[in-house]
Every structure is written in structure tokens, then in C-alpha cells.
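Descriptive analysis of the structure
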Amino acid sequence: MEWLFDPAIWAGLLTLVVLEIVLGIDNLIFIAILADKLPPHQRDKARLIGLTLAMLMRLGLLTIVSWLVTLTTPLFALGPWSPSGRDLILLLGGVFLLFKATVELHERLEGVTHVHTQSKVYASFGAVIVQIVVLDAVFSLDAVITAVGMVDELGVMMAAVIISIGVMILASKPLTRFVNAHPTVVVLCLSFLLMIGLSLVAEGLGFHIPKGYLYAAIGFSILIEALNQFARRNFLKNEARMPLRDRTADTVLRLMGGKRRQDAEPDAHDEEQEEAQAFGVEERNMVSGVLTLADRSIRSIMTPRSEMSWVNLDDEADDILRQLQESPHSRMPVCRGQLDNLVGIARTKDLISQLVLQARIDDEVVDGNGSNGPNGPIRKPILLPDTAGVLKAMDTLKRAHGQLVLVTDEFGIVQGLLTPVDILEAIAGEFPDEDEQLAIQPKGPGEWEVIGTADLHQLEQVLETEGLVSIDDDYTSLAGFLLARFESMPEPGQEIEIDGLRYRILSVEERRIAKVLVQRIVTDDAEQAA
């Protein structure tokens, strides 16, 4: 009974049990495929019989092979090599393991899978059992040869086979799910087969490799794989904390080939890769705009108060008529004295018509979205709080029948206006009116002139950078971003460098940042590479 206290025996038994279980997974999968051809009430019985026959097949092969490897008498001489029956068996078995492991690794790494098509007509129970017996004989060879290569005692081999088959019978379904969910475990065990096959070939050629070396290598690899699985589980757990919508958006953009630029300018090779991408920059920006639309505030896409055009009823009729004739807008807010004294919304052509015919504007407000009628051209405004989301704004615009929407804050002060064009610009970029200029104008390689009210989402896309937009900040424009960094109103000419970009204030108007020059900072290494 001294073998009970031999740690090498227990190490070999444990390792062999693990290998036998993994090596039997293919056998288990094919048994399950064959069993699926039977009626549902016979499938569990077929699996049990198949695994039992696999155990008997392996025990029988172990007895025969273990007896054959005791044949140590040299059969012939080939130079300095005089192989015996045992050497030839080990050599052939090692070659078989190397071949088997190489083929399996190739299929695993190349993505070759066994496709099972379920038959509409159930097969007979006897025919399925015969096929299982044949498969058992084939799939038992690698397990038996592995056992012979791992340990020297027949009892340990048989115990490992019985234990492994017992575990597979009790936990066949969970084992199959585990292996399918962790393909690296299968690849690791197949690499063990390569190592054991090489050991058998070496022994067959007369070079003995101590089993302790194999145990140490296998144990170390299992430890590393366990740490990898633990790290992957923690990574997935942390990733799961990110909202599903954000993960989906990141995945879609990554599949489309989106990437962030480095600090340096791209070289010719990078430009060729960009041209070879399946999706252009504009397409990726549009998809990005759609995927991030629900996360944006209405303040980030509206036309701000400072850029709004509106009609002051207190002005002279001629001045109002001249303003309307020069305006490119089809609808405008109508107010008295100041923008916050809002009367309503009117179509430009209706206002012009009243001014021409009556030399005045009827300030009576009516409900509805019709054209000029007996009650005057001014319609009741549609108001939306600035805390509303973009999707809510879209729903409001759908029911507005072409009328613009005014955005107000909690005190009822008008902050801006919203039209369907603003939604489109949030997705596809700017569509400036006749009296507007592009918010972001390229001035040269790595240089842009940007107005202070430029949307940070759009600026991120143009600069191909990140970090400008944060859900924790209450600003949505470049001016707000810079004011938060300067912490005071900057003077023209002041500069600040943030994440590889230099922001230079070009002009300040009416206590607000009007224009900014944005330059990409090129490092010395990038200049040398260029």
C-alpha cells in the first residue's frame, strides 16, 4: 500500500483524469449527435450506454496496450537503434497523438466546426448503438495512448479512466457547456497532447523524459490558464457595468473601422489604410451620431439664443418688412421688445403679406398650424424644456407639422430654438443657412478655426479625438469647454493645451468666446517620422 503515499502517483492520476475528461469531450459530443437521431425518450439511455461502452473499450485497450509495452526484447537493429515491441508501440502512439492534436488544433484555430443536421426520421436504437461502439473504438485510442504516456501503473490508468467516465456520465451536459464556453481550455489540453506525443516519440527512439517534467509543465500551464480565466471573468464583470447601449455602440463603431487618431500626423501608409477601409469617415460619423443621439441633451443640438433671428413687434413696419425680406428663415419667433416677451411663431411669408396689405401685424395668437387666416398669422408657440432629451424633441417635432420648437429653461427664459434640420445636423453634420458660416472650418493640416458655439460632439468627430464630451459637464459648446478650463474669461491670444490639442482664443465678443483656433500638437518623434 506504499503507492497510496506516493505524490507522483496522485499527481499522475489527477492529471490523467483531467486529460481523459477533456479527450472524451469529442466522444461525448458525437455520442450526443448520434443520440439526437433517436426519439427524445431514448436519448438519455443512448448516452449512458455509449459512455459505458467507451469506458469498457478503454479498459480493454489499456490491458492490451499495457501488456504490449512490456515487450522490451529488441526486434531488429537499425544502426545504434534497436527497437523493441514497446518502443514501436510508443513511437506509433506518439506519432498518432501528434497527428491527432495537430488536426484538432487546426480545426479549432481555423474555426472548423462539425455541423449536425437533425434528421426528420428517427433512427433505430440498435443502429445508433452500433455507430456509438465504432466511434468509441476510434476515440478511445488517443485517451489510451495518453494514459500509457503519462503513468506506468496499469491500476492508475484504469482508475483514471473509470473516474473520468463516471464524471462525464454525471456531468455530461455541464461539461459540454463549459468546454464550448471556454475554447482555450480545449486548446490548452490539445497542447498537452502534443507534449505527451513528443515524449512518447522520444521514448520510442530511446530518449527518456522524466514524467516529473511533464507534470510540472502541465501544472504550470493549468495555473496560468486559471489566472487568465479569473482575469477574463473580472473583465466581463467590469464591462457588464457599462450600459448595454454604450457597449453596443462601441462594438458597432469598432466593427465599422472607427479609430482615434494619434497625436502625430498620419503618414502615407496610414492614409492608404484609411482609403482601404470599408466605411468612410462620413459614414462612421453618421452612425456615431445616430448611436449617441439618445444620450445627448437638447441644448447640444438646438440653435442657441445668441444666433436666433426674431421679429420685434415694437419696431417700425418698414424695418420689420426689410428684416423679413432679408431673412432666409421660413418661420420666426414674434416678440415684443425682447426675446423673452414671446408672442408666438409666424411664417415669414404671412408676416410679409400682412405688412404689405395692412402695414401692420395682427398680434392675435391662434392655435393650430394653418396659414394666414382671419385670426392673423401668429401661432401659439410650442415650448420644450432644455432638460428634455433629443428623442423627446424628435417626437415633439413630428407632431409640430413643420413648426419650430422653442427651448426654455426652468425660469421660462428662451434658450434657443429647434427644427428638424438641427436633428439632421446632429447626425450628418452642418447644413448652414445663407446667413451662416460653417462652425468648424479647416485652415490647414491639423488646424481649424472654430466658433465658440460649436457643438462638442461634432468637434470630436472632426478632430477625431475624445474627451471633449462628458456626461458630468453642463456645457455643450467649445466656449463652455474652454471656460471650464480657463476658469475666467480669456483674452484674445491666450492659449491652452489639452490632450495633444492647442486652443488659441482669436476673438471675444459680448462677454463670450467668439472664435478659437484649434491646432494639433505635433511631437518631435512625429516630425521625424513625417
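This text follows the structure it describes.
Our subject in this report is the structure included herewith. (Residues numbered from 1 in each chain as written. Predicted model: local features only at pLDDT ≥ 70, side-chain atom pairs only at ≥ 80, totals over all residues. Heavy atoms only, no water.)

Looking now at the sheet that holds strand 11 (residues 501–509). Sheet architecture is open: five strands sit in the order 8-9-12-11-10, paired in antiparallel fashion. At either margin of the open sheet sits one strand with a lone partner, and together these are strand 8 (440–444) and strand 10 (495–498). Looking at each pair of strands side by side, their axes are set apart by 25° on average, direction ignored. With four bridges joining them, strand 10 and strand 11 adopt antiparallel strand pairing. Bridge pairing in strand 11 places glutamate 495 opposite arginine 504. (Pairing = 2+ DSSP bridges. Helix = DSSP H or I, 4+ residues; strand = E, 2+ residues; numbered from the N terminus. Axes fitted to C-alpha atoms, helices over the stretch in contact; angles between N-to-C directions.)

This part is about the side chain of threonine 408. Take threonine 408: it is sitting in strand 6 (residues 405–408). By relative accessible area, threonine 408 is classed as buried at 11%. Sequence-distant contacts of threonine 408, defined by excluding residues within four places in its chain, comprise Leu383, Leu384, Pro385, Asp386, Ile413, Val414 and Gln415. (Buried < 20%, exposed > 50% of the residue type's maximum accessible area, 1.4 Å probe, protein only. Contact = heavy atoms within 4.5 Å.)

Position of glutamine 519 relative to the elements: it lies in strand 12 (residues 512–520). The class of glutamine 519 is buried, set by a relative accessible area of 14%. Distance from glutamine 519 to lysine 443, taken between C-alpha atoms, is 9.6 Å for residues 76 residues apart in sequence. If sequence neighbours within four positions are ignored, glutamine 519 has contacts with Gly446, Glu447, Gly500, Leu501, Arg502 and Arg504. A distance of 2.8 Å separates polar atoms of two side chains, one belonging to glutamine 519 and the other to glutamate 447. (Polar contact = N/O pair within 3.5 Å; in protein donor to acceptor, adjacent residues only side chain to side chain.)

Overall, mixed pairing links the four strands, which are arranged 1-7-6-5 in an open sheet. Only two strands of the sheet have a single partner each, and these edge strands are strand 1 (303–304) and strand 5 (382–385). Both strand 6 and strand 7 (residues 414–418) contribute to a ladder of four bridges, which runs antiparallel. Note that in strand 7 the partner of valine 407 across the bridge is glycine 416. The strands touched by helix 14 (residues 390–398) within the sheet are strand 5, strand 6 and strand 7, with strand 5 carrying the most contacts at an inclination of about 175°.

Attention now moves to the pattern of salt bridges. For the coordinates displayed, the defined rule picks out nine salt bridges. Ionic pairing is found between arginine 336 and aspartate 314, a salt bridge with its closest N-O pair at 3.2 Å. Separated by 22 residues along the polypeptide, arginine 336 in strand 3 (residues 331–336) and aspartate 314 in the loop between strand 2 (311–312) and helix 12 (317–326) bring together distant segments of the chain. For arginine 336, a relative accessible area of 33% puts it in the partly exposed group. Exposure remark for aspartate 314: the relative accessible area of 49% places this residue in the partly exposed category. Aspartate 395 is the partner of arginine 399 in a salt bridge, and the nearest nitrogen-oxygen pair spans 3.3 Å. (Salt bridge = Lys/Arg side-chain N within 4 Å of Asp/Glu carboxyl O.)

This next bit is on helix 17 (residues 478–486). Every buried residue of helix 17 is listed here: Leu478, Ala479, Gly480, Phe481, Leu482 and Phe486. If you follow the buried residues of helix 17, they end up packed against strand 9 (447–451), helix 16 (456–463), strand 10, strand 11 and strand 12. The positive-phi residue at the C-terminal boundary of helix 17 is glutamate 487, with phi of around 60°.

Let us look at the pairing of strand 3. Buried residues dominate strand 3, accounting for five of its six residues. Two strands pair when backbone bridges link them, and strand 2 and strand 3 are joined in this way by two bridges, in the parallel orientation. Residue valine 311 lies in a different strand from strand 3, and its bridge partner there is valine 334. As consecutive antiparallel partners, strand 3 and strand 4 (residues 338–347) are separated by one residue, and within that stretch glycine 337 has a phi angle of approximately 80°, a positive value.

For the rest of this paragraph, the subject is the environment of valine 516. Its place among the elements puts valine 516 in strand 12. Separated by 64 residues in sequence, valine 516 and glycine 452 place their C-alpha atoms 6.6 Å apart. With residues up to four places along the chain from it excluded, the contact list for valine 516 reads Trp448, Glu449, Val450, Leu478, Leu482, Tyr503, Arg504, Ile505 and Leu506.

Coordinates in, geometry out; function isn't part of it.
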